[in-house]
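Residue strings, one per chain:
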Amino acid sequence: MKQGSVIGNIAKDLGLDVSRLSARNARIDTEGNNKRYCDINLSKGDLIVAERIDREALCGKKVSCVLKLELVLENPLELHRISLRVQDVNDNAPVFKNEIIKMEIQESTAKGARFSLDEARDADIGENDIKGYTLQRNDHFVLNVDIKSGGRKYCELVLEKELDREHEENMNLILTALDGGSPQRSGTVVIHVTVLDANDNAPVFSQTVYKASLPENSPLDTVVVTVTATDADEGVYVEVTYKLDHVSDENSNAFSVDPKTGEVKVNGQIDYEEESSYEIQISAKDGLGLASYSILIIDITDVNDNAPVIYLKSLTNPIPENVPPGTEVGIINVQDRDSDNNRQVRCSIQQNVPFKLVPSIKNYYSLVTTGQLDRELVSDYNITVTATDEGSPPLSSSKSVQLSVADVNDNPPVFEEQSYSAYVTENNKPGSTLCSVTARDPDWRQNGTVIYSLLPGEVNGAPVSSFVSVNGDTGVIHAVRSFDYEQFRSFKVHVMARDNGSPPLSSNVTVSVSITDVNDNSPQILYPAPEGNSFMTELVPKAAHGGSLVSKVIAVDADSGQNAWLSYHIVKSTDPGLFTIGLHSGEIRTQRDISESDSMKQNLIVSVKDNGQPSLSATCAMYLLISDNLAEVPELKDMSHDESNSKLTSYLIIALVSVSTFFLTFIIIILGVRFCRRRKPRLLFDGAVAIPSAYLPPNYADVDGTGTLRSTYNYDAYLTTGSRTSDFKFVTSYNDNTLPADQTLRKSPADFAEVFGESDESPEY
């Protein structure tokens, strides 16, 4: 049959689903033969011819030629045996071993003598084998055809008319062999007959059939058997010559016979697996050509000379790491060409792998998993399969199977730390790096590729993405904007690490971002008001002793920590030795008792510094009047001018020089006016004096209880409607260290206006 010819539909015969043949890796294996004679059409399920099948090469002269096939399917493993009978076709003609058969016959040979002829060989069998012989018509011989014990036909030349050497010494006859095929084929050979002088007796073998047993792989020149034949004649006719006849071409070199001694020896390779027995015809001829024949039958005994052969029929490679135990990953077939116990095979693998061999069908084994695979622990396996037969001594062979484990996305990314902390100073630049998070994924390729992202959230009501960002590839977290410690001191963000597997796996980590303070806020003075913003005055009784509380500077700092630690310093004063200020409390106290020589007007410049690096500060002016009653208080207006900015000093000097004449005249006029007005009692204040308690913010109260001014003085004012004079009464101070003053002064509003000047603000009473 031609290649591709359809033999039959085995899918239909076996009841198989044609649509699953490809998925189950259906295939045809030929038992004991490496040639692939047949194949399967996976789309139709047809058994087709893959290679020309030669019955004669496959089975020789066997009557029944059966090609044993195996249909193998996986998932699950199935094995179907297929016996394919190969029918003979008359594609071989009969062939004689030699082109010429030479015969020597005595002229004295009587009629009816028979002479054996070489058989013709036809590789075909049955009806296509040799059916008969024909002999060319002649005057002396006829052909006799007979059948041997094995069923083979042979022919003999029968002498029908006496020979006459003097009349005809040589003659040629044509012998034709015919087979029974259609169309019929034939083969011919020439028989050359030489007529000799008289010879009465032919050699005679001691046995008609010789039998011998020979182990395979016997060395060359091993004597198998010795045949003997005797001749009753005398002289030169007694000498016998031995020869092997009717030996097929494939066995022609296996044995040889010594023509003189009759010893049959091994002449080539003897292999039981190729030929288990031999039948050879041996001829014995005397000196004048008379011959006789005997049959030699040699049985070959098997020797364990073939190691098992391991075939890897199927292998799932790579295998996913998440396959359950018991999963079939490969199919192994073991064959041994020996027979009986020599072909019984045991198959095994090493113990240190999570696999085992499970016997399946005949010499098939399934390679299955015995435990859970983990590519992150072992990514490749080198499995050694060992097959050992039961011969003596046993032979074994091994085969290495390389099996890779395919990665499955079974590991989520894992952060190197359970949580991360980042510290950043306020006023940072947008885009600056806060910290870096790192997650590891032991999976392979895209399953192990980690991508970072921020989880949705809010910080102070704003999306977390408006504060920080994360690099998706590196995990570096950047600040999106500048942070202000005074707005918020810390916040938390959640970072997700996700792999690129399918489906993706992820894990989260918390990053705590702490903002460290920077000294970026100057102290803020709450009381008194900062220098240049308002005019603040405190009264100090003349009887004040050393250590008496006079006033207190109150300040705050928006920073924290040491940046908010405030210290108070008097940087300038009218009398440096009269007043001191608490370094950390801001309380202004007298250093000594007030004396009569002390100036009534005392001006203090107080500096408030924080403890930051660099230090920031703020200043304020404090105006103190040493007096027991307001009648003694001089004009207050000029006090504010005494603390003019130092930078204006040079300009004032120049101005004084240029207008000195005008200035002297102005002083004389002022002195004159003041002298006249002092003779009239007037009210000192006309709503122009600032009450200290009015400048203390209500939310800033003394919290340390160490003498902070608590509404330092209380004043009661009694004013009559429509009258220009009023009563102004001093009330005792709440401070124990302040000297009491309980006096009432009367002055008209005009007097106050003269001393302090006109004020835009309304007086508080």
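For clarity, every value in this text was computed on a predicted model and none was experimentally measured.

Looking at the overall build of the chain
Okay, so step 1: A count of helices and strands for the chain gives 6 helices and 55 strands.
Okay, so step 2: Total accessible area computed for the chain in this model is approximately 41100 Å², and 49% of it derives from carbon and sulfur atoms.

A closer look at the sheet that holds strand S32 (residues 396-406)
Okay, so step 1: Strand order in the open sheet made by the 4 strands is S26-S32-S31-S28, with mixed pairing throughout. The strands lining the two open edges of the sheet, one partner per strand, are strand S26 (319-320) and strand S28 (345-349).
Okay, so step 2: Here S26 runs beside S32; their pairing, made up of 2 bridges, is parallel. Residue pairing in the sheet places Ile 319 in a bridge with Val 405 of S32.

Details of the environment of Ser 213
Okay, so step 1: Residue position: Ser 213 is located in strand S17 (residues 209-215).
Okay, so step 2: Residue classification places Ser 213 among the exposed residues on the basis of a relative accessible area of 52%.
Okay, so step 3: Separated by 86 residues in the primary sequence, Ser 213 and Asp 299 place their C-alpha atoms 4.8 Å from one another.

Concerning the pattern of salt bridges
Okay, so step 1: Using the criterion set out here, one finds 17 salt bridges in the structure.
Okay, so step 2: A salt bridge links Asp 29 to Lys 313; its shortest N-O distance comes to 3.2 Å. Of the two residues, Asp 29 is situated in strand S2 (residues 27-30) and Lys 313 in strand S25 (residues 309-315); the sequence distance between them amounts to 284 residues.
Okay, so step 3: Residue classification places Lys 313 among the partly exposed positions, given a relative accessible area of 22%.
Okay, so step 4: Residue Asp 91 is joined to Arg 52 by a salt bridge in which the shortest nitrogen-to-oxygen separation is 3.7 Å. Taken together, the residues Asp 91 in the loop between strand S6 (78-85) and strand S7 (95-96) and Arg 52 in the loop between strand S4 (46-49) and helix H2 (55-59) connect sequence positions 39 residues apart.
Okay, so step 5: Assessed through its relative accessible area of 35%, Asp 91 is described here as partly exposed.
Okay, so step 6: Taking relative accessible area as the criterion, Arg 52 reaches 55% and is therefore assigned exposed.
Okay, so step 7: Here the salt bridges share partners, and the residues they tie into one network are Arg 52, Asp 54 and Asp 91.

Observations concerning a nonpolar patch on the surface
Okay, so step 1: A grouping of Phe 662, Phe 663, Leu 664, Phe 666, Ile 667, Ile 670 and Leu 671 is seen on the molecular surface, where their side chains present a nonpolar patch of about 680 Å² in accessible area.
Okay, so step 2: Its place among the elements puts Ile 667 in helix H5 (residues 660-677).

Side note on the packing of aromatic side chains
Geometry of an aromatic ring pair is reported as the spacing of the ring centres plus the angle between the planes.
Okay, so step 1: Tallied over the entire structure, the rule returns 11 aromatic pairs.
Okay, so step 2: Considering the side-chain rings of Phe 355 and Tyr 381, the 5.3 Å spacing of their centres and the 80° angle between planes classify their relative orientation as edge-to-face. Of this pair, Phe 355 sits in strand S29 (residues 355-359) while Tyr 381 sits in strand S31 (residues 380-389), and the two are 26 residues apart along the sequence. Tyr 381 carries the same exposure label as Phe 355, and that label is buried.
Okay, so step 3: On the numbers, 5.4 Å between centres and 75° between planes, the contact of Phe 467 with Phe 488 is edge-to-face. Residue Phe 467 is located in the loop between strand S39 (462-463) and strand S40 (468-470), and its partner Phe 488 is located in the loop between strand S41 (476-479) and strand S42 (490-499); the two are separated by 21 residues in the primary sequence. The residues Phe 467 and Phe 488 share a single accessibility class, namely buried.
Okay, so step 4: Positioned over the ring face of Tyr 311 is Lys 313, at 5.3 Å from the centre of the ring.

Here's the deal with the sheet that holds strand S18 (residues 223-226)
Okay, so step 1: Strand order in the open sheet made by the 3 strands is S18-S22-S21, with antiparallel pairing throughout. Across the chains shown, the open sheet's two edge strands, defined by having one partner strand only, are S18 and strand S21 (255-257). This sheet shows a mean twist of 20° between the axes of neighbouring strands, independent of strand direction.
Okay, so step 2: With 3 bridges connecting them, S21 and strand S22 (residues 263-266) associate as antiparallel partners. Across the sheet, residue Phe 255 finds its bridge partner in S22, namely Val 266.

Examining the nonpolar core
Okay, so step 1: In this structure, Leu 434, Tyr 452, Val 468, Ile 477, Phe 483, Phe 491 and Val 511 are the most contacted members of the largest nonpolar core, which totals 28 residues.
Okay, so step 2: For this core, the secondary structure elements donating two or more residues are strand S34 (419-425), strand S35 (433-436), strand S37 (450-454), S40, S41, S42 and strand S43 (506-516).

Comments concerning the environment of Glu 273
Okay, so step 1: Mapped onto the fold, Glu 273 is located in the loop between S22 and strand S23 (277-285).
Okay, so step 2: Note on Glu 273: relative accessible area 17%, which makes it buried.
Okay, so step 3: Taking the C-alpha atoms as reference, Glu 273 lies 10.0 Å from Thr 301; in sequence the two are 28 residues apart.
Okay, so step 4: Apart from residues lying up to four places away in sequence, Glu 273 is in contact with Glu 216, Asp 302, Asp 305, Asn 306, Arg 337 and Asp 338.
Okay, so step 5: At 3.1 Å, the side chain of Glu 273 and the side chain of Asn 306 are in polar contact.

What about the environment of Val 358?
Okay, so step 1: Along the polypeptide, Val 358 turns up in strand S29.
Okay, so step 2: If we skip the residues at most four places from it in the chain, Val 358 touches Tyr 364, Tyr 365, Ser 366 and Val 368.

Here's the deal with the confidence of the model for the chain
Okay, so step 1: Of all residues in the chain, 81% have pLDDT values of 70 or greater, and the mean over the chain is 80.
Okay, so step 2: In the model, residues 636-647 has pLDDT below 50 throughout and makes 25 contacts with residues more than four positions away in sequence or in other chains.
Okay, so step 3: This model gives residues 680-765 a pLDDT under 50, and the stretch forms 169 contacts once residues within four places in sequence are excluded.

Concerning unusual backbone geometry
Okay, so step 1: Here the residue pair Asn 317 and Pro 318 is connected by a cis peptide bond, since its omega of 5° sits within 30 degrees of zero.
Okay, so step 2: Among the secondary structure elements, Pro 318 is positioned in the loop between S25 and S26.
Okay, so step 3: Phi angles above zero are rare outside glycine, and Arg 445 is one such case at about 50°.
Okay, so step 4: With respect to the secondary-structure elements, Arg 445 resides in the loop between strand S36 (439-440) and S37.
Okay, so step 5: With a relative accessible area of 62%, Arg 445 lands in the exposed category.

Reading the values: the criteria
Residues numbered from 1 in each chain as written. Predicted model: local features only at pLDDT ≥ 70, side-chain atom pairs only at ≥ 80, totals over all residues. Heavy atoms only, no water. Helix = DSSP H or I, 4+ residues; strand = E, 2+ residues; numbered from the N terminus. Areas by Shrake-Rupley, 256 points an atom, 1.4 Å probe, with all protein chains shown as cover. Pairing = 2+ DSSP bridges. Buried < 20%, exposed > 50% of the residue type's maximum accessible area, 1.4 Å probe, protein only. Salt bridge = Lys/Arg side-chain N within 4 Å of Asp/Glu carboxyl O. Patch = residues over 30% accessible without salt bridge, like charges linked within 9 Å, V, L, I, M, F, W, Y side chains within 5 Å. Phe/Tyr/Trp six-rings, centres within 6.5 Å; stacked < 30°, edge-to-face > 60°. Lys NZ or Arg CZ within 6 Å of the ring centre and 35° of its normal. Axes fitted to C-alpha atoms, helices over the stretch in contact; angles between N-to-C directions. Core = buried A, V, L, I, M, F, W, Y, C linked by side-chain atoms within 4.5 Å. Contact = heavy atoms within 4.5 Å. Polar contact = N/O pair within 3.5 Å; in protein donor to acceptor, adjacent residues only side chain to side chain. pLDDT = per-residue confidence, 0-100.

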